[in-house]
Amino acid sequence: MNAETRRRRVPALAPEERRAALIAATLPLLMAHGAAVTTRQIAEAAGVAEGTIFGVFPDKVSLLAATLKQAFDAGPTVRALSAIDPQGSLRQRLSDAAAILIRRIEGSVPLMMLARTMHFPADESPMAAIMDNRQRLTEAVARLIEPDRHLLRRSPETAAGLLFALVGITTRGMLPNDDLTPDEIVAVLLDGLLTTTSDPGEA
């Protein structure tokens, strides 16, 4: 290999490609180190010079904000919800949806804590994007429920919001003794906590 070949560099990535590559390199480091991750660590993971980061992002905070926004993008989860068999029963569709939402929330708890506790400039805070994506997911679940609207005493949108709340409660360990399975979450949502249809006050 001659000197000219050794000096030849891989063509530079387009700005959007470089941005995506830096975000992809940052996400696992953010999960591992939190806000303490350094731009040097990110540069090494991305295989670039540290200065390259600042050619794409003005500072580390901007890169971390962009990474959090990307991490909470609802697109993949919406696609997974859309792939649920529409011919299944309402109970089965909701159980499948609960399982998908549990996986999403379990993988995002540390990142949610960072999003809530880190100090971002108002125009870069990921919280608005997170709430936006939460709404997209709620709407996707509501679409799963819509064909059975006539069976419910509340709207599909309300039912979807309640499902999301129950998933969040169990996934974040907010129950005192144990977590609920997807089937149990759906049973609480559709049937309540009574083991029979009789009112205990009538006994």
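For the structure itself, consult the block above.
Residues numbered from 1 in each chain as written. Predicted model: local features only at pLDDT ≥ 70, side-chain atom pairs only at ≥ 80, totals over all residues. Heavy atoms only, no water.

Caption draft 1: Region of the structure containing the overall build of the protein chain. Summing up its helical and strand segments, the protein chain has 10 helices and zero strands in all. Along the chain direction, N to C, the helices and strands of the protein chain fall in the order α-α-α-α-α-α-α-α-α-α. Radius of gyration (C-alpha) of the protein chain: 22 Å, far over the 17 Å computed for a compact globule of 203 residues. Viewed in the frame of its principal axes, the protein chain has a C-alpha envelope of about 90 × 35 × 30 Å. In the protein chain, of all internal contacts separated by at least 6 residues, the share reaching a separation of at least 24 is 65%. Surface accessibility of the protein chain: about 12400 Å² in total, with carbon and sulfur atoms responsible for 54%. (Helix = DSSP H or I, 4+ residues; strand = E, 2+ residues; numbered from the N terminus. Rg over C-alpha atoms; globule rule 2.2 N^0.38 Å. Contact = heavy atoms within 4.5 Å. Areas by Shrake-Rupley, 256 points an atom, 1.4 Å probe, with all protein chains shown as cover.)

Caption draft 2: The arrangement of the nonpolar core in detail. One finds L81, L94, V141, I145, L163 and V167 to be the most contacted residues of the largest nonpolar core, which totals 26 residues. Sorting the residues of this core by element identifies α6 (75–82), α7 (90–117), α8 (127–145), α9 (156–171) and α10 (182–191) as the ones contributing at least two each. The element that contributes the greatest number of residues to this core is α7, accounting for eight residues. Filtering out sequence-adjacent residues up to four positions away, L81 remains in contact with A97, I100, L137, A140, V141 and L144. Membership of the second largest hydrophobic core comes to 23 residues, among which are I42, L64, L111 and M112. (Core = buried A, V, L, I, M, F, W, Y, C linked by side-chain atoms within 4.5 Å. Buried < 20%, exposed > 50% of the residue type's maximum accessible area, 1.4 Å probe, protein only.)

Caption draft 3: Region of interest: the pattern of salt bridges. Under the definition given, this model contains five salt bridges. A salt bridge links R93 to D148, with the nearest nitrogen and oxygen atoms 2.5 Å apart. Taken together, the positions of R93 in helix α7 and D148 in the loop between α8 and α9 put the pair 55 residues apart, joining distant regions of the chain. An identical accessibility class is assigned to R93 and D148; each is buried. (Salt bridge = Lys/Arg side-chain N within 4 Å of Asp/Glu carboxyl O.)

Caption draft 4: Region of the structure containing the side chain of S62. Here S62 lies in helix α5 (residues 60–71). Reaching out from S62, the side chain makes a polar contact with the side chain of E124 at a distance of 2.8 Å. Beyond its immediate chain neighbours, meaning those up to four positions away, S62 contacts F57 and E124. (Polar contact = N/O pair within 3.5 Å; in protein donor to acceptor, adjacent residues only side chain to side chain.)

Caption draft 5: Highlighting α8. In this model, α8 (19 residues) spans 27 Å end to end at C-alpha, consistent with the 27 Å of a helix rising 1.5 Å per residue. Listed in full, the buried residues belonging to α8 are I130, N133, L137, T138, A140, V141, A142, L144 and I145. In this fold, the buried residues of α8 make contact with α6, α7 and α9. (Expected span 1.5 Å × (residues − 1).)

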